[in-house]
Amino acid sequence: MAFNSYVTEGFPRMTKVLLLLGLLMTSLHVTDAQIGVCYGTLGDNLPPPEEVVELYSQNNIQRMRLYNPDPAVLQALGSAGSNIQLMLGVPNEALQNIAASQGNANKWVETYVTNYTKVKFRYIAVGNEVRFSSSLAQFLHPAMKNINNAISAAGLDNQIKVSTAIETGVLIGSSYPPSTGSFYPPSAGSFQSEVRSFLDPIIIFLAENGAPLLVNIYPYFSYSANPRDISLDYALFTANKVMVQDGQLGYQNLFDSIVDAIYSALEEAGGDSMDIVVSESGWPSAGGTGATLDNARIYNTNLIHHVKGGTPKRPAKAIETYVFAMFDENNRSSELEKHWGLFLPNKQSKYPLLCRIPTATQIVFSIEWK
């Protein structure tokens, strides 16, 4: 896209030059929202961890989600002296062992947390999208409790919160099938009855420990599953009018609708005081319906800008959000899964992340990751 489509007339010549230079920069900044990027490692051509940590720092990305406790990444985070805050995952395959005994959990925390004194841990995400119907479901809550006990015993419970990441398929959809993730209207958001026995103890645990619920939110999958009823503008944050009216609350984008449906479900389940952290959200640049480079740029840019302002249900409350993902990953199973990166494996950005000021005067400005 031509530069002059982003810069209006009326600015002094030097100001325009500086704005154009800002367009060319790859560092990403947002003032109020707390933004991170997920570091997936399912690729055989990715940069070594120390270069990845440097790339985060060069682009002012100050939060990272790491799905597995990779010692090389933890070492790189510690040796770089970076200010990157880390969400560290306990992989699903480790849940049974950690749930089996407090000693196993203590050993895990010692090996991957307390041994790395220079790493700034923020969350331990115990499990990722553990399905209530899977054989691992019975181990999730006990594993969370054991990890939390180990964190507390290490004196880190005020610094590190223990949670788990769920998918939005646990919600009941009142208009579209739940698999589409539309959840219309948001105020009717409710957890499926069959998952309540699985989720309710987790919600109580999180509320008691002042920890947020981690939620992976993907408007892309809602749109691609039902493009007839869900408009691309609604999914990309580009609708210029209210698309869904829910009582006195109006929704112009699907992301807000999903987040508020989760808030409604939590309220019904007794977690009305809890916060949500969006532990994954993004848009693919290839491999599926609507998966283009331009749509990925638009979605991720608008996501970064949007989450600092909250949702209609909780306005002016910034939503801590982790963009999926840092790199395209060529070892993922499907073609669609391989194209979610902000960067190519050679560390080149796939597109500049730009924001437009929502006024008649639109200029390019850099976005600070907090």
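A few points on the structure. Here the structure is a predicted model, which means the values were calculated and not measured. (Residues numbered from 1 in each chain as written. Predicted model: local features only at pLDDT ≥ 70, side-chain atom pairs only at ≥ 80, totals over all residues. Heavy atoms only, no water.)

Section: the overall build of the protein chain
This is how it is decided: Only DSSP runs of H or I with at least four residues qualify as helices, and only runs of E with at least two residues qualify as strands; both kinds are numbered from the N terminus onward. For every residue, the accessible area (1.4 Å probe, protein chains only) is compared with the maximum for its type, and the residue is labelled buried under 20%, exposed over 50%, or partly exposed between those bounds. In what follows, a contact means two residues having at least one pair of non-hydrogen atoms within 4.5 Å. Each accessible area is a Shrake-Rupley estimate made with a 1.4 Å probe; only the visible protein chains count as cover when residues are assessed.
Each helix and strand in the protein chain was counted, giving 11 helices and 14 strands. Scored against the burial criterion, the 370 residues of the protein chain give a buried share of 52%. Summarising the internal contacts of the protein chain: among those between residues at least 6 apart in sequence, 69% fall at separations of at least 24. For the protein chain, the computed accessible surface area is about 15600 Å², with 49% contributed by carbon and sulfur atoms.

Regarding unusual backbone geometry
Cis geometry marks the peptide bond from phenylalanine 324 to alanine 325; its omega dihedral reads 10°. Among the secondary structure elements, alanine 325 is positioned in the loop between strand E12 (321-323) and strand E13 (355-356). At asparagine 60, a residue that is not glycine, the phi angle is positive and equals roughly 55°. The phi dihedral of glutamate 129 falls on the positive side, at around 55°, and the residue is not glycine. Structurally, glutamate 129 can be placed in the loop between strand E4 (120-128) and helix H6 (137-153).

Notes on the sheet that holds strand E5 (residues 161-167)
Condition: When DSSP locates at least two bridges between a pair of strands, those strands are taken to pair. What counts as an axis is a line fitted to C-alpha atoms, over the stretch in contact for a helix, and the angles between N-to-C directions run from 0 to 180 degrees.
Around the barrel, eight strands lie side by side as E1-E2-E3-E4-E5-E8-E11-E12; this closed barrel has parallel pairing. Sheet twist, expressed as the mean angle between neighbouring strand axes with direction ignored, is 25°. Against the sheet, helix H11 (residues 293-306) makes contact with strand E1 (35-39), strand E11 (276-281) and E12, and its axis sits at roughly 160° relative to E12, the strand it touches most.

Some details on the pattern of salt bridges
The condition that has to hold: The term salt bridge refers to a side-chain nitrogen of Lys or Arg lying within 4 Å of a carboxyl oxygen of Asp or Glu.
All chains considered together, the criterion is met by 14 salt bridges. With its nearest N and O atoms 2.9 Å apart, the salt bridge here joins arginine 122 to glutamate 320. Here glutamate 320 lies in the loop between H11 and E12 and arginine 122 lies in strand E4, a separation of 198 residues in the sequence. In this structure glutamate 320 comes out as buried when scored by relative accessible area, which is 4%. Each member of the salt-bridge network shares a partner with another, and the members are Arg63, Arg122 and Glu320.

A short note on the packing of helix H2 (residues 49-58) against helix H3 (residues 71-79)
Rule in force here: Just so you know how the angles are binned, under 35 degrees is roughly parallel, over 145 roughly antiparallel, 65 to 115 roughly perpendicular, and the rest oblique. In this scheme the crossing of two helices becomes right-handed for a clockwise turn of the near helix relative to the far one and left-handed for an anticlockwise turn of less than a right angle. Polar here means any residue outside two lists: the nonpolar Ala, Val, Leu, Ile, Met, Phe, Trp, Tyr, Cys and Pro, and the charged Asp, Glu, Lys and Arg; Gly therefore counts as polar.
Taken N-terminus to C-terminus, the directions of H2 and H3 make an angle of 45°; their axes are 8 Å apart at the nearest point. The angle between H2 and H3 falls in the class oblique. As H2 packs across H3, the resulting crossing turns out to be right-handed. The residues of H3 that touch H2, namely those facing Pro49, Glu50 and Val53, are Ala72, Val73, Ala76 and Leu77. Partitioning the contact of H2 with H3 into residue classes produces six nonpolar, no polar and one charged.

A few points about the pairing of E4
Filter applied, for reference: Handedness is read with the strands pointing away from the viewer; a crossover is right-handed when the path from the first strand over the helix to the second is clockwise.
For E4, the tally of buried residues reaches seven of nine residues, placing the bulk of the element in the interior. The sheet contact formed by strand E3 (residues 85-90) and E4 spans six bridges and is parallel. Within E4, the position partnered with leucine 88 by the bridge is isoleucine 124. The sheet contact formed by E4 and E5 spans four bridges and is parallel. Residue pairing in the sheet places isoleucine 124 in a bridge with valine 162 of E5. The parallel pair E4 and E5, bridged by H6, forms a crossover whose chirality is right-handed.

Here we look at the environment of glutamate 110
Turning to its location among the elements, glutamate 110 is positioned in helix H5 (residues 102-114). Placed 44 residues apart in sequence, glutamate 110 and alanine 154 show a C-alpha to C-alpha distance of 8.7 Å.

Concerning the packing of aromatic side chains
The condition is simple: Any two rings among Phe, Tyr and Trp, with Trp reduced to its six-membered ring, count as a pair given centres within 6.5 Å; such a pair is stacked if its planes are under 30 degrees apart, edge-to-face if over 60, and tilted if neither.
Enumeration according to the criterion identifies 14 aromatic pairs in this entry. When the ring of tyrosine 39 is compared with that of phenylalanine 327, the centres are 6.4 Å apart and the planes differ by 65°; the resulting orientation is edge-to-face. Remark: phenylalanine 327 occurs in the loop between E12 and E13 and tyrosine 39 occurs in strand E1; sequence separation between them is 288 residues. Grouping residues by exposure puts tyrosine 39 and phenylalanine 327 together as buried. Taking 6.4 Å as the distance between ring centres and 85° as the angle between the ring planes, the aromatic pair formed by tyrosine 218 and phenylalanine 324 counts as edge-to-face. Linking tyrosine 218 in the loop between strand E8 (213-216) and helix H8 (219-225) with phenylalanine 324 in the loop between E12 and E13, this pair joins segments that are 106 residues apart in sequence. In terms of burial, tyrosine 218 and phenylalanine 324 fall into one category: buried. A network of ring pairs unites the aromatic residues Tyr218, Tyr220, Phe221, Tyr223, Phe237, Phe255, Trp283, Tyr299, Phe324 and Trp340 as a single cluster.

Some points on the nonpolar core
Stated precisely, the cut-off is as follows: In these notes, a set of buried Ala, Val, Leu, Ile, Met, Phe, Trp, Tyr and Cys residues joined through side-chain atoms within 4.5 Å is what counts as a nonpolar core.
With 111 residues, the main nonpolar core has Val113, Ile124, Val126, Ile147, Phe191 and Phe255 as its most contacted residues. Per-element accounting of this core gives the leading share, nine residues, to helix H10 (residues 254-268). Here phenylalanine 255 is in contact with Ile217, Pro219, Phe237, Val278, Ser281, Tyr299, Leu303, His306, Val307 and Ile319, once residues within four sequence places are set aside.

Structural notes on H6
Let me state the cut-off plainly: What a helix should span is 1.5 Å times the count of its residues minus one.
Between the first and last C-alpha of H6 there are 25 Å, a value that for 17 residues agrees with the 24 Å anticipated at 1.5 Å per step. Along H6, the residues classified as buried are Ala137, Phe139, Leu140, Ala143, Met144, Asn146, Ile147, Asn148, Ala150 and Ile151. Buried residues along H6 sit in contact with helix H4 (95-100), H5, E4, E5 and helix H7 (193-208). Directly after H6, the chain includes glycine 155, whose backbone phi takes a positive value near 75°.

Everything listed here is a matter of geometry and, on its own, says nothing about what the molecule does.
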